Amino acid sequence: MATLFREPNKKSRERVSAAVACNQKAGGFVMTSMRAAGDQATNPVEVLSCAEAALPLDLSYPSNKKAPAFASDARAIFLAALRFGDQITITVTGVVAYTLRHHGSAALPAHDWGLVATTCIVAAVTLHASQSYDYSVILRGSLCLPRLAIGWGATLLLMISLAYFLKIGDEVSRAWMLLWSLTGFAGLVALRAGFWVWLARASKGDVFVFKVAILGEEGPAERLAEKIEDGLNGDARVVGIFRPQLLLESSKGSCNALDFAALGRLCARNCVDEIAVPIPCARGVDFHNVLYSLCTLPIDVKLYLDLPAPVGLGFKLPDLPTVLLSKRPLAGWRMMMKRAMDLVIGTALLTFFIPLMLLIAIAIKLDDKGPVIFCQERFGFSKKSIMVYKFRTMCVEAGADASVRQARRDDPRVTRIGRLLRRTSLDELPQLLNVLKGEMSLVGPRPHAVIHDQHYGQVLDGYLARHRVKPGITGWAQTNGYRGETDTIEKMKGRLEHDLFYINNWSPMLDLRILARTAIIGFYSRNAY
């Protein structure tokens, strides 16, 4: 079987630990991996058959494997830990400096704690402004320490100016401030040294490495791969090169589903941070459909302009001019903020509703024999399979229905207590456990049954974009009348439009607004059976 191989050049072997070249041949799909420096040949690692290929993109995770973290999320958590560590370090060194000033015989007075708190706030601003929390700067000690010195020095100058204008300079010990300036800087440097050691160990697992998959023809893709590998200081790794080709000739110009199915699985398994598409694009391929499919993924999609540098004009183009086509909705700080809201509010709601949930469990047992909790497989973030918890509202025999029919008005499968629970949405309360586990969010697109997801994913354009964020217990669609049975395509289109609006316009205030609307009007619906 003939396969396209890309022989790694010297720089690629030095900078990249692995890359993948993909090509369609004889009804199969072979992925080949390039090892680190010293390997002279590539080895096939996986064969995907044509039967596995289908558009829209296949994003299913292996059921027995936990998805790795996105590099952008891992870096955001790392930087948040560093910021928090800086605040602790500044506070501790301030107390230590005061104790040393008084030879260990005095504790920090209560009125001076305000000065310590103010210094922490000012330091958070100045260190951020001096780019001390820029990830690329932190990786390079030659840049990190000067930026840290600038930020800490600016903090001290601002605090001295503040003391002067407030006329409190005589109340502050100069010896204490001098000791604090020295111990504070030493503490910040020591903290970063510890983070560097930890980061060096953690980076061996590629957690913080920015992973890029390239989709394009051989020439432009090869050049782009070399630029990415050579231009980002080892901070990024090309994990795959995919060649879009026509699988079958058709009037619609259908794309090579085999390539895109494999790309989707690679993205799901490795949590690829970015899909790079070099311009000019491949000829003979309907790239409009290609890019449309890529934009349903929870991954950044960028167009890279493959342009030669102009000669004789006295300037040069940037190394990698890009156009951001699609961005992951919740990444980095936004992801952390939403997760924090889920944990805080979710824990409070679960604590508040525990007595009610116990009463509901007793009522279900008295009304009908069978389990209290009903578990059903649904698709979560990036179409990852999750088990969603609900209070059982139907008779036990209904669980054997493979078609997973939606509940209708006067549905005989619904129990007496189940009808009340479904009408008031109280059957969704156990999903607070899904939220605390990180499988769902308090607010997001409602998860549909797997068979319904697969059906609407083929008949509605953009439906799979719902999986770019975690599903939610409630959502923008549910608080705007799209709750309950969706017995027509028009109803599902309306729900989809609201879900996509929420994904593209997320903010903490929008989540709080949806939760407030749910508490006021969302617990009862005539459309819920």
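One structure accompanies this document, and this report is about it. All values reported here derive from a predicted model rather than from experimental measurement.

## Brief notes about the overall build of the protein chain
Step number 1: Looking only at helices and strands, the protein chain features 15 helices and 12 strands.
Step number 2: Buried positions account for 48% of the 529 residues belonging to the protein chain.
Step number 3: Considering only contacts in the protein chain between residues 6 or more positions apart, those separated by 24 or more positions represent 74%.
Step number 4: Just so you have it, the protein chain exposes about 26300 Å², and 62% of that area is on carbon and sulfur atoms.

## Let's talk about the packing of aromatic side chains
Step number 1: Tallied over the entire structure, the rule returns 13 aromatic pairs.
Step number 2: Ring geometry for Tyr135 and Phe208: centres 6.3 Å apart, planes at 20 degrees, overall stacked. Remark: Phe208 occurs in the loop between α6 (174–202) and β4 (210–215) and Tyr135 occurs in helix α4 (residues 135–139); sequence separation between them is 73 residues.
Step number 3: Residue classification places Tyr135 among the buried positions, given a relative accessible area of 8%.
Step number 4: On the basis of relative accessibility, which here comes to 5%, the residue Phe208 falls in the buried class.
Step number 5: With a centroid separation of 6.1 Å and an interplanar angle of 35 degrees, the aromatic rings of Tyr456 and Tyr463 are classed as tilted. Each member of the pair Tyr456 and Tyr463 is classed as buried.
Step number 6: Among the aromatic residues, those joined into a ring-pair cluster are Phe78, Tyr135, Phe195, Trp198 and Phe208.

## What to know about the environment of Leu148
Step number 1: Mapped onto the fold, Leu148 is located in helix α5 (residues 141–165).
Step number 2: Among residues more than four places away in sequence, those in contact with Leu148 are Leu127, Ser132, Phe185, Leu188, Val189 and Arg192.

## Thoughts on the packing of helix α2 (residues 71–101) against α6
Step number 1: Packing of α2 against α6 leaves a shortest axis separation of 8 Å and a crossing angle of 145 degrees. Viewed along their axes, α2 and α6 form a crossing whose handedness is right-handed.
Step number 2: For the contact of α2 with α6, the per-class residue count stands at 16 nonpolar, 7 polar and 3 charged.

## With respect to the environment of Ala449
Step number 1: Here Ala449 shows up in the loop between β11 (441–443) and α13 (450–459).
Step number 2: The spatial distance from the C-alpha of Ala449 to the C-alpha of Phe379 is 7.7 Å, given a sequence separation of 70 residues.

## Points about helix α3 (residues 110–129)
Step number 1: With 20 residues, α3 extends 30 Å from end C-alpha to end C-alpha; this agrees with the ideal 28 Å at 1.5 Å per step.
Step number 2: Every buried residue of α3 is listed here: Asp112, Leu115, Val116, Thr119, Cys120, Val122, Ala123, Thr126 and Leu127.

## Here we look at the pattern of salt bridges
Step number 1: Counting across every chain of the model gives 11 salt bridges.
Step number 2: In this structure, the salt-bridge partner of Arg328 is Asp73, at a minimum N-O distance of 2.9 Å. Placement of the pair is Arg328 in the loop between β8 (322–326) and α10 (333–367) and Asp73 in helix α2, with a sequence separation of 255 residues. The same class applies to Arg328 as to Asp73, namely buried.
Step number 3: Here Asp86 makes a salt bridge to Arg192, at a shortest N to O gap of 2.8 Å. With Asp86 in helix α2 and Arg192 in helix α6, the pair connects residues that are 106 residues apart, well separated along the chain.
Step number 4: Assessed through its relative accessible area of 0%, Asp86 is described here as buried.
Step number 5: A single network of salt bridges, built from pairs that share partners, joins Lys390, Asp427, Glu428 and Arg446.

## Some points on the nonpolar core
Step number 1: Membership of the largest hydrophobic core comes to 30 residues, with the highest contact counts inside it found for Phe78, Ile90, Trp176, Trp180 and Phe208.
Step number 2: Secondary-structure elements contributing two or more residues to this core are α2, α3, α4, α5 and α6.
Step number 3: A total of 8 residues in this core trace back to one element, the largest contributor, which is α6.
Step number 4: Setting aside its immediate chain neighbours within four residues, Trp180 contacts Ile90, Thr93, Gly94, Ala97, Val116, Thr119, Trp152 and Phe185.
Step number 5: Membership of the second largest hydrophobic core comes to 28 residues, among which are Ala361, Ile364, Val388 and Leu510.

## Section: the side chain of Gln376
Step number 1: Position of Gln376 among the secondary structure elements: in strand β9 (residues 373–379).
Step number 2: On the basis of relative accessible area, Gln376 is assigned to the buried category, the value being 17%.
Step number 3: Side chain to side chain, Gln376 and Arg378 meet in a polar contact 2.2 Å long.

## Notes on α2
Step number 1: Here α2 spans 44 Å end to end across 31 residues, near enough to the 45 Å set by a 1.5 Å rise per residue.
Step number 2: Looking at the residues trailing α2, positive phi occurs at His103, about 60 degrees.

## Description of a nonpolar patch on the surface
Step number 1: Together, Phe84, Ile88, Val92, Val96 and Leu100 give the surface a local cluster of nonpolar side chains, amounting to about 460 Å² of exposed area.
Step number 2: Looking at the secondary structure, you find Phe84 in helix α2.

Parameters and conventions
Residues numbered from 1 in each chain as written. Predicted model: local features only at pLDDT ≥ 70, side-chain atom pairs only at ≥ 80, totals over all residues. Heavy atoms only, no water. Helix = DSSP H or I, 4+ residues; strand = E, 2+ residues; numbered from the N terminus. Buried < 20%, exposed > 50% of the residue type's maximum accessible area, 1.4 Å probe, protein only. Contact = heavy atoms within 4.5 Å. Areas by Shrake-Rupley, 256 points an atom, 1.4 Å probe, with all protein chains shown as cover. Phe/Tyr/Trp six-rings, centres within 6.5 Å; stacked < 30°, edge-to-face > 60°. Axes fitted to C-alpha atoms, helices over the stretch in contact; angles between N-to-C directions. Left-handed = near helix turned anticlockwise from the far one by under 90°. Nonpolar A, V, L, I, M, F, W, Y, C, P; charged D, E, K, R; others polar. Expected span 1.5 Å × (residues − 1). Salt bridge = Lys/Arg side-chain N within 4 Å of Asp/Glu carboxyl O. Core = buried A, V, L, I, M, F, W, Y, C linked by side-chain atoms within 4.5 Å. Polar contact = N/O pair within 3.5 Å; in protein donor to acceptor, adjacent residues only side chain to side chain. Patch = residues over 30% accessible without salt bridge, like charges linked within 9 Å, V, L, I, M, F, W, Y side chains within 5 Å.

By themselves, these observations are geometric and do not establish any function.
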